[in-house]
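Secondary and tertiary structure notes
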Amino acid sequence: MESKPMNRKQCYSRMVIRQALLDLLEQMPLKKVTVTDICKRADVNRTTFYTNYTDIYDLLKSITQDLHDEVRQVLTQYDHVDGLAYYTALLTVLQEHASACRALMQLTAQDCKIMEMDFLFSDLMSTRRWNVSESFPSDQPEPLLARYVLAGSQAIINDWLCSPAPLPISTMAKYLFDLNSRFVTLEAPAPRVPGRKG
């Protein structure tokens, strides 16, 4: 909400408020979570909550945006390398934020005024060009195929993050890469021409 730098107390307040919401979302649906629940869990008062966020949806949007920004920052380092390294980087950063990912993935459009975890995946995947695999029938609409691969990848990653004994990142990255390569390849975007927008 505020553009000026936060002090240590404000940073701490935001951290515990965010974690409180994520903890609660693992126990109950979003529609049942109240600001009072969050404040009790975070051990802060309502004034502190409303100093930082306008409501629960503003808090959720902030969590989603920060996760999105961090994932995008990491993945930009892998824009011009092979798909396996791209998947490995994606899974690594998502595992580091597993509680946030689990909470966001279980949200539905009815729960939320903002896009759910699908927003993160679709936007990140769109940073690369989709090329239909040569082994796949050429008469299939590319947007539908991309959506199919995207939804399947999201479901697999969701199960992986929620597993009590998840497979190693290297194993999952190779699995996703090999599976998705049967349908599409993710090609690095073309380098931008200096001075041109877009």
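Residues numbered from 1 in each chain as written. Predicted model: local features only at pLDDT ≥ 70, side-chain atom pairs only at ≥ 80, totals over all residues. Heavy atoms only, no water.

Quick word on the pattern of salt bridges
Going by this rule: Within this document, salt bridges are pairs made up of a side-chain nitrogen of Lys or Arg and a carboxyl oxygen of Asp or Glu, the two lying within 4 Å of each other. The helix and strand labels rest on DSSP assignments: H or I over at least four residues marks a helix, E over at least two residues marks a strand, and numbering proceeds from the N terminus. Accessibility here uses a 1.4 Å probe with only protein chains present; expressed as a share of the type maximum, an area under 20% marks a residue as buried, one over 50% as exposed, and anything in between as partly exposed.
Counted under the stated rule, the structure contains four salt bridges. One salt bridge connects Arg 41 with Asp 23, and the closest N-O pair in it is separated by 3.7 Å. Pair noted here: Arg 41 is in helix 2 (residues 35-42) and Asp 23 is in helix 1 (residues 8-25), with a separation of 18 residues, a long-range link. With its nearest N and O atoms 2.7 Å apart, the salt bridge here joins Asp 178 to Lys 174. Of this pair, Asp 178 and Lys 174 both sit in helix 9 (residues 169-180), four residues apart, which is roughly one turn of the helix. With a relative accessible area of 33%, Asp 178 lands in the partly exposed category.

Focus: the nonpolar core
The following threshold applies: Joining through side-chain atoms within 4.5 Å is the link that ties buried Ala, Val, Leu, Ile, Met, Phe, Trp, Tyr and Cys residues into a set, and such a set is a nonpolar core. What makes two residues a contact is simply this: any of their non-hydrogen atoms within 4.5 Å.
Leu 21, Ile 38, Phe 49 and Ile 157 are the most contacted members of the largest nonpolar core, which has 44 residues in total. Only helix 1, helix 2, helix 4 (56-75), helix 5 (83-96), helix 6 (98-105), helix 8 (142-162) and helix 9 provide two or more residues apiece to this core. Leaving out residues up to four positions away in the same chain, Phe 49 has contacts with Ile 17, Val 35, Ile 38, Cys 39, Asp 55, Ile 56 and Leu 59.

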